[in-house]
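Observations on the three-dimensional arrangement
Listed below are the residues making up each chain.
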Amino acid sequence: MPVSNSISFYNCQSIDVKQIPVVHINKFRDSVIEAVASGQRIASLFAAPSGSDMFCLYAVLADDNSGKLSVLSSEVSDKYSSLTPDCTQAHLFEREIAEQWAITPQGHPWLKPIRFHASYIKGRDAWGRKNGEQIVPSVMDFFKVEGEQIHEVAVGPVHAGVIEPGHFRFQCHGENVLNLEISLGFQHRGIERALIGGPDKKTLYYMQTVAGDTTIGHTTAYCHLIESLSGSRVPSGVQSLRGIALELERLANHTGDLGALAGDIGYLPTSSFCGRIRGDFLNLTALICGNRFGRGLVSPGGVGFDISPRISDILAEKLTRLKKDVEVAAKLLWSTPSVLARFEDTGVVPPQTCRELGLVGVPARACGAEIDCRFNFPAGIYSFAQIPVSSWHTGDVFARAYVRWLEIQRSIAFILDQIKTCPQVQIKTNIKLPAPDKFCVSLVEGWRGEICHVGITDSNGSLYHYKITDPSFHNWTGLAMAMGNQQISDFPLCNKSFNLSYCGHDL
Amino acid sequence: MIILKLLNMVIALAAAPLLLGIINRTKAVFAGRTGQPLLQLYYDIWKLLRKGAVYSRSTSWIFRVGPVIGLSVALIAAALIPFGGLPAVISFKGDLILFAYLFGLSRFFTVLMAMDTGSSFEGMGASREVTFSTLSEPALLIGLAAIAKYTGYISLSQMFSSLNLSVWLNAGPAFVLVGFAILIVFLTENSRIPIDDPNTHLELTMIHEVMILDHSGPDLAMILYGAAIKMWLLGAILIGIVVPVHSGNALFDISAAMLFMILLAIVIGVIESSMARLKLLHVPQLLIGATTLSILALVLILR
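All values reported here derive from a predicted model rather than from experimental measurement. (Residues numbered from 1 in each chain as written. Chains lettered and ligands numbered in written order. Predicted model: local features only at pLDDT ≥ 70, side-chain atom pairs only at ≥ 80, totals over all residues.)

**A closer look at the pairing of strand β14 (residues 438–445) of chain A**
All names here are of chain A. Here is the rule we go by: Residues with at least 20 other C-beta atoms within 10 Å of their own are called buried, those with 12 or fewer are called exposed, and the rest are partly exposed. The C-beta atoms themselves are positioned from the backbone. Strands here mean DSSP runs of E at least two residues long; helices mean DSSP runs of H or I at least four residues long; both are numbered from the N terminus. The criterion for strand pairing is that DSSP finds at least two bridges linking the strands in question.
Among the eight residues in β14, eight count as buried, and that is most of the element. Relative to β14, strand β2 (residues 15–16) runs antiparallel, the two sharing two bridges. Looking at β14, one finds that aspartate 16 is bridged to lysine 438. With seven bridges connecting them, β14 and strand β15 (residues 450–457) associate as antiparallel partners. Within the sheet, the bridge partner assigned to leucine 443 lies in β15 and is cysteine 452. Between β14 and β15, which pair antiparallel in sequence order, lie four residues; one of them, glycine 449, sits at a positive phi of approximately 150°.

Given below as structure tokens:
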């Protein structure tokens, strides 16, 4: 269903900024709420400055059924009527807008900072904090439950494992979690602001570290975007290699996750096998480009390295062997009753909640939602070589683990297929500069889920605004919801089953 | 005779940390790793003893006295348990009750010192520990009662010395049940999989480990050593019931008992390698199941 007052386009299709309808905020609000109610998802919702003290709100909506994206915009100054009460998906985006540009979404039920930085415009602040006032992460009012038997558990930002920082606040009744609130922002580096005026020499390096474990995903999204903005085409061999790298990244992380899930429940065999196999998958990426995380592999206009026939033979041979190994490790999980007892019915996200929050990636597919950018919004190699959507319907830890296993199998099949057919061509083409006054959305299905990059160029063709939405941004609230009325001892397991990025969220 | 009695205690105190080494080595083999040295716990204890301890300002004397009580209790308990035909150092009528409640005392202080830190994690661990031990206690006591009824003695030393392998012919079914019940108690009390995961680093899921998170240096050494002795003693009870080898030759009996202890450690390692932890909600069901097994055994013997 087309969104009213909007313009539709495909993934990675550049449009003129002038073509984007600018409507009154009430119409904007109604259109977005109506579109989301009809089953579309908010891929991104952000504000960009437009002249003195005025801002342009952009809403990018994704229609999974038609494979089309739509965008609409509206001019606001320092406040507008919040969408969140009628459209839950907007809640974190609106908090982000308030924090970045000091635009207050009036009527937002839970308006608090999310990354704890000063507003981008000096002297303006949505919470009336003074200029130069120190902002300490996670210092805010948390949702509180009161009562004689209620106790509060605060976890983090420093954790027992070697992981990123994040703060989790539980309100518990005995072992039961009544509410979990997650407060992040410790990793905020200001990546989006650093991209303004680009692309320049540093841009690609920022993209590689948006989320270190999703290097290929984010760099691919960025490269698609720049190639589209500049109207360049890349050879199919390049697209194929990018696809191979993206699926290798998925393989390594999914396998690592299965191992970590097994480790959390104290199931040693899969834990140890998968830990090793994950390293082997990472080494395959290193075989192609010399870096286990694929740094330097994907760049605008091409790829940094080619696969020689010798390397592609090694790749195919090692992958065939790893396929057997990972099969043994995963099947151990599905055939051990004590593992299934632990996974099943733990951390259930109902499909309704999944829709309302606009979850993406593995957690969404684990609720039975057929959401996969590779299938719904294909770009690059996925326009030619389709991967079926892997989903499961139970919404619990088991489903999230099982979807990973399904995807592992399909990714291996995809890579083996691509290695066979991958044509050897020039690996690098010179691309033109981005065209002026263009707007482009690039969606890539990273291993966590939908990565959304939005780029807007100014009249010189430089990036005038850049918005990154990591799948974690959508999904962190899903984790909080999955913990409702669960045992607090199940939190580590639920957390691992989502395995979200802290730095991807914090940017 | 007194030398034999002391030998029993010396073996328990010297060999206790070895059990954990064997369990860990078994798990390592299953995981395809080389694993830590068999004597790792000895090294750890020695290392910790030479370190200083860190005390939080919010803790009181309870936090410091807890590890001492824990170790003392383990030593007293070691004096009560016969091993491989060797009688215990101390024995009197009804010492099995003392044995069970010595660990209750130790647990009481562990819980107090966990609460003393004021940490929400340790508080949760304490509440879990208390809940689960309440359920494992009847399994152990009723199981021992069944054996006491069978042998007609209520002193551990007399009870165990009167058992021999012929019990499997006379009261096999009852002994199978008691064996399983005490195995579950063994796993629970020593915080092993499937009840607890001694290797996890996730505070939210821990039971026993989380209560001692704040201890360091010699205090932690005492706690670790006390826990190792506890594991040895419960293991000694288990093999004393399941494989009571009493040939009359002291050397042979001790060797057999040692061998069975090693086998037990390997079995525990295999259990830990082949199954996942239970959901905390399901642990009480397992423990009630253990109690039911003990009751059934008692019924079979009373019949």
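Following the structure, the description resumes.
**Describing the interface of chain B and chain A**
The condition that has to hold: Any pair of residues counts as being in contact when their C-beta atoms, constructed from backbone geometry, are within 7 Å of one another. Gly falls in the polar group here, along with every residue not listed as nonpolar (Ala, Val, Leu, Ile, Met, Phe, Trp, Tyr, Cys, Pro) or charged (Asp, Glu, Lys, Arg).
In this assembly, 22 residues from chain B lie in contact with 23 residues from chain A. It is helix α1 (residues 2–31) of chain B that contributes the most residues to the side of chain B that touches chain A, three residues altogether. Looking at the side of chain B that touches chain A, its residues break down into 10 nonpolar, six polar and six charged.

**A word on the domain arrangement of chain A**
Frequently, the measure chosen for interface size is the accessible area removed from exposure when the parts meet. All names here are of chain A. The condition is simple: For the purposes of this description, domain bounds are those given by an automatic or database domain assignment.
Domain boundaries assigned for chain A yield domain 1 (7–106) and domain 2 (191–471). The straight-line distance from the C-alpha centre of domain 1 to that of domain 2 is 26 Å. Tallying the contact residues gives 22 residues for domain 1 and 26 residues for domain 2. Mapped by element, the contributors of at least two residues to the side of domain 1 that touches domain 2 are β2, β4 (41–49) and β6 (68–76). The element best represented in the side of domain 1 that touches domain 2 is β4, accounting for six residues.

**A look at α1(B)**
Count 3.6 residues to each turn of an α-helix, and residues three or four apart come out pointing the same way. Residues and elements named next belong to chain B. Operational definition: Expected span, for any helix, means 1.5 Å times one less than how many residues it has. The seven residues ending at a residue and the seven starting there each receive a fitted axis; the angle between those axes is the bend at that residue.
For α1, built from 30 residues, the straight-helix expectation of 44 Å at 1.5 Å per residue is met to within 8% by its first-to-last C-alpha distance of 44 Å. Residue alanine 15 marks the point of greatest curvature in α1, where the axis turns by about 40°; the proline proline 17 follows within four residues. Positive backbone phi, at 75°, marks glycine 32, one or two positions downstream of α1.

**Here's the deal with the sheet that holds β2(A)**
Residue and element names in this part refer to chain A. Quick reminder of the rule: Interaxial angles span 0 to 180 degrees and are taken between N-to-C directions of axes, which are lines fitted to C-alpha atoms, for helices over the stretch in contact.
Spatially, the four strands line up as an open sheet ordered β2-β14-β15-β16, and their pairing is antiparallel. In this open sheet, the two edge strands, each paired with only one partner strand, are β2 and β16 (463–469). Both β15 and β16 contribute to a ladder of six bridges, which runs antiparallel. Across the sheet, the residue bridging to cysteine 452 is threonine 469, located in β16. Seen against the sheet, helix α5 (residues 215–229) touches β14 and β15 and runs at an angle of roughly 150° to β14.

**Concerning unusual backbone geometry**
Residues apart from glycine generally show negative phi values, whereas peptide bonds are mostly found in trans. The step from Ile193(B) to Pro194(B) runs through a cis peptide bond, and the omega angle for that step is 10°. Tracing the sequence through the fold places Pro194(B) in the loop between α7 (167–189) and α8 (217–242). A positive phi angle, close to 60°, is found at Asn485(A), a residue other than glycine. Residue position: Asn485(A) is located in the loop between α14 (471–482) and α15 (491–498).

**Concerning the packing of helix α3 (residues 61–80) of chain B against helix α4 (residues 95–116) of chain B**
Residue and element names in this part refer to chain B. Operational definition: Angular relationships are summarised with four words: roughly parallel below 35 degrees, roughly antiparallel beyond 145, roughly perpendicular across 65 to 115, and oblique for the angles in between. For any pair of crossing helices, the crossing counts as left-handed if the nearer helix is rotated counterclockwise from the farther one by less than a right angle, and right-handed if it is rotated clockwise.
Running from N to C, α3 and α4 cross one another at 165°; their axes reach a closest spacing of 9 Å. By the angle between their directions, the pair α3 and α4 is classed as roughly antiparallel. Relative to α4, the crossing made by α3 is left-handed. Contacts from Ile62, Phe63, Gly66, Ile69, Gly70, Val73, Ile76, Ala77 and Leu80 in α3 reach Asp95, Leu98, Phe99, Leu102, Phe103, Leu105, Ser106, Phe109, Thr110, Leu112, Met113 and Asp116 in α4. A breakdown of the residues in the contact of α3 with α4 according to their chemical character gives 15 nonpolar, four polar and two charged.

**Quick notes on the environment of Ile135(A)**
Residues and elements named next belong to chain A. The topology assignment puts isoleucine 135 in the loop between β8 (104–106) and β9 (150–155). A tally of 16 C-beta atoms within 10 Å means that isoleucine 135 is categorised as partly exposed. When the C-alpha atoms of isoleucine 135 and proline 113 are compared, they prove to be 9.9 Å apart, with 22 residues separating the residues in sequence. Those residues in contact with isoleucine 135 that lie beyond four places of it in its chain are Phe116, His117, Ala118 and Arg129.

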